[in-house]
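# Observations on the model geometry
Spelled out from the first residue to the last, the chains are:
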Amino acid sequence: MKILVVDDFSTMRRIVKNLLRDLGFTNTHEADDGSTALPMLQTGNFDFLITDWNMPGMQGIDLLKAVRADEKLKSIPVLMVTAESKREQIIEAAQAGVNGYIVKPFTAATLSEKLDKIFERIDG
Amino acid sequence: MKLSDKDQLEQTISQTRELLEHLENDEIEDAQELIDSLARGGDEDLFVEIGKLTRRLHEALTTFHLDSRITSIAASEIPDAKDRLNYVIERTEEAANKTMDKVEHCNQLADVIAKDSQDLLGEFQKLYRRELSPGDFRQLCKRIESHLEKNKNSADDLHSQLSEVLLAQDYQDLTGQVIRQVITLVHDVEESMVNVIKMFGNIDRYQAAKGESTKAEGAEGPIVNKDKRDDVVSGQDEVDDLLSSLGF
């Protein structure tokens, strides 16, 4: 399982990568905003995308929309991990086709639970 | 009530006539009284003028003070505050990375201890099932000895790594002080702006605007006053509820 972690803060990327490793996902890669992430996704054969919302350059919500609009990428599961907590934003992300939404600050248990839920739905 | 210039002139003429009459009639005491009252009248005007001057001087001084405060805020304190806040970002990032370095190192140590222990437990099961030859048993004893030796070193290493994690938390004190200074500056800026509004602007509009809540569009980052907002979720549970209500 090849996972791309997108966040403008390197510390947050590192936290997510560490948590993912504890959950058994070791093939993780990083990008610091949507515009760096998109070309990586297009050429990198990623299986999963975890992205922040609020980033300079291309924001997470626009990355999600770009992924869903791309014929090759549109079925890739996307988990949003973000401090954005307005109801209208969560609804916007849901309408744009997000597979899971985690608000920061979050716990390892929450990340594990949301990943399980997404995989369950994909496999089932 | 203020007398008009014409009234003032008429009053002065009548008072002068009165004074002349008193003097011509040798009424010295009455004349003196009249002069005193005229003089007092003059004092009052003088006091009013001095009062006006004092107020103008005070306003001029306040404006001057305001100007120098704003100048210093714009010229040095705001750029300084930006440096201070960048310092906070650097220190917190440094502390986070340092802590994660140590934690990753500790995790590796813990993983090795867990794996070695697991292997040895397997060997022990063989021992209980009497599946070990005397040679295997000697090997097992050696492995246990080296495992204990390694564990002791790992425990020492863990202890020193964790002490460094503890020390890395000193950023909280340092950044806390810096942030407090910036909060004071923000407060001063607010005060100066209110002064400017009081002197040159519309204080009523300011008071009205104070009551309004500003609604930010788009990404806002962490919401610090969640209890005062009704458009945000309070935590993951509310996110999950909202998403499930949408059919997720």
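The structure reproduced in this document is the subject of the present report.

## Structural notes on the pattern of salt bridges
When the charged atoms of two side chains with opposite charge come close together, those side chains can pair. One pass over the full model with this rule turns up 24 salt bridges over all chains. The partner of Glu 113 of chain A in a salt bridge is Lys 114 of chain A, and the shortest N-O contact between them spans 3.1 Å. The class of Glu 113 of chain A is partly exposed, set by a relative accessible area of 43%. A network of salt bridges, in which partner residues are shared, links Lys 86 of chain A together with Glu 220, Arg 229 and Asp 231 of chain B.

## Topic: helix H5 (residues 108-123) of chain A
For H5 of chain A, with 16 residues, the first-to-last C-alpha span of 22 Å sits near the 22 Å given by 1.5 Å per residue. Of all the residues in H5 of chain A, the buried ones are Thr 110, Leu 111, Lys 114, Leu 115, Ile 118 and Phe 119 of chain A. Taken around the axis of H5 of chain A, the buried residues stretch over an arc of 160°, which confines them to a single face. Opposite the buried face of H5 of chain A, at more than 90 degrees from it, the exposed residues are Ala 109, Glu 120 and Asp 123 of chain A. Residues of H5 of chain A that are buried make contact with helix H1 (10-22), strand E3 (48-51), strand E4 (78-82) and strand E5 (100-103) of chain A together with helix H6 (236-245) of chain B.

## Some remarks on a nonpolar patch on the surface
A grouping of Leu 46, Phe 47 and Ile 50 of chain B is seen on the molecular surface, where their side chains present a nonpolar patch of about 320 Å² in accessible area. Here Ile 50 of chain B lies in helix H2 (residues 28-128).

## Topic: the sheet that holds strand E2 (residues 28-31) of chain A
Residue and element names in this part refer to chain A. The parallel open sheet is built from five strands, whose spatial order is E2-E1-E3-E4-E5. Among the strands making up the open sheet, the edge pair consists of E2 and E5. For this sheet the average axis-to-axis angle between neighbouring strands, irrespective of direction, equals 20°. As judged from the three bridges shared by E3 and E4, these two strands associate in the parallel manner. Among the inter-strand pairings, Thr 51 is bridged to a residue of E4, identified as Met 80. The strands touched by helix H3 (residues 60-69) are strand E1 (3-6), E3 and E4; relative to E4, the strand with the most contacts, the crossing angle is about 175°.

## Some points on the interface of chain A and chain B
The partner chain B presents 30 residues to the 28 residues of chain A that form the contact. Carbon and sulfur atoms make up 53% of the surface buried where chain A meets chain B, a total of about 2,300 Å² over both sides. Area buried by chain A at its contact with chain B is led by Arg 14, Lys 86 and Arg 87 of chain A, which between them contribute 29% of it. There are five salt bridges connecting chain A and chain B. For the salt bridge of Lys 114 of chain A with Asp 240 of chain B, the shortest nitrogen-to-oxygen distance reads 2.9 Å. Within the residue set of the side of chain A that touches chain B, elements represented by two or more residues are H1, helix H4 (87-95), E5 and H5 of chain A. Considered class by class, the residues forming the side of chain A that touches chain B number 10 nonpolar, nine polar and nine charged.

## Side note on the pairing of E3 of chain A
Of the two faces of E3 of chain A, the one holding Phe 48 and Ile 50 of chain A and the one holding Leu 49 and Thr 51 of chain A are both buried throughout. Handedness of the E3 of chain A-H3 of chain A-E4 of chain A crossover: right-handed.

## Observations regarding the packing of aromatic side chains
Enumeration over the complete set of coordinates arrives at three aromatic pairs over all chains. With 5.4 Å between their ring centres and 55° between their planes, Phe 48 of chain A and Phe 119 of chain A make a pair best called tilted. Here Phe 119 of chain A lies in helix H5 and Phe 48 of chain A lies in strand E3, a separation of 71 residues in the sequence. Taken individually, Phe 48 of chain A and Phe 119 of chain A each receive the classification buried, so the pair is uniform in this respect. Taking 6.1 Å as the distance between ring centres and 50° as the angle between the ring planes, the aromatic pair formed by Phe 124 of chain B and Tyr 128 of chain B counts as tilted.

## Topic: a negative patch on the surface
Residues and elements named next belong to chain B. Residues Glu 18, Glu 21, Glu 24, Glu 29, Asp 30, Glu 33 and Asp 36 make up a contiguous surface patch of negative charge. Mapped onto the negative patch, the elements with two or more residues apiece are helix H1 (5-24) and H2. With four residues, H2 is the single largest residue contributor to the negative patch.

## Considering the nonpolar core
Among the nonpolar cores identified, the biggest contains 29 residues, and Leu 4, Val 6, Leu 41, Leu 49, Leu 63, Val 67 and Tyr 101 of chain A are the most heavily contacted of them. Those elements giving two or more residues to this core turn out to be E1, helix H2 (34-44), H3, E4, H4 and E5 of chain A together with H6 of chain B. No other element matches the four residues that H3 of chain A contributes to this core. When neighbours within four sequence positions are excluded, Leu 49 of chain A is seen to be in contact with Leu 4, Val 6, Leu 41, Leu 63, Val 67, Ile 76, Pro 77, Val 78 and Leu 79 of chain A. Among the nonpolar cores identified, the runner-up in size contains 17 residues, and Val 5, Met 12, Ile 102 and Ile 118 of chain A belong to it.

Rules behind the numbers
Residues numbered from 1 in each chain as written. Chains lettered and ligands numbered in written order. Predicted model: local features only at pLDDT ≥ 70, side-chain atom pairs only at ≥ 80, totals over all residues. Heavy atoms only, no water. Salt bridge = Lys/Arg side-chain N within 4 Å of Asp/Glu carboxyl O. Buried < 20%, exposed > 50% of the residue type's maximum accessible area, 1.4 Å probe, protein only. Helix = DSSP H or I, 4+ residues; strand = E, 2+ residues; numbered from the N terminus. Expected span 1.5 Å × (residues − 1). Arc of directions from axis to C-beta. Contact = heavy atoms within 4.5 Å. Patch = residues over 30% accessible without salt bridge, like charges linked within 9 Å, V, L, I, M, F, W, Y side chains within 5 Å. Areas by Shrake-Rupley, 256 points an atom, 1.4 Å probe, with all protein chains shown as cover. Pairing = 2+ DSSP bridges. Axes fitted to C-alpha atoms, helices over the stretch in contact; angles between N-to-C directions. Buried area = accessible area lost by both parts, 1.4 Å probe. Nonpolar A, V, L, I, M, F, W, Y, C, P; charged D, E, K, R; others polar. Right-handed = clockwise from strand over helix to strand, strands pointing away. Phe/Tyr/Trp six-rings, centres within 6.5 Å; stacked < 30°, edge-to-face > 60°. Lys, Arg positive; Asp, Glu negative; His and termini not counted. Charge placed at Lys NZ, Arg CZ, Asp CG, Glu CD. Core = buried A, V, L, I, M, F, W, Y, C linked by side-chain atoms within 4.5 Å.

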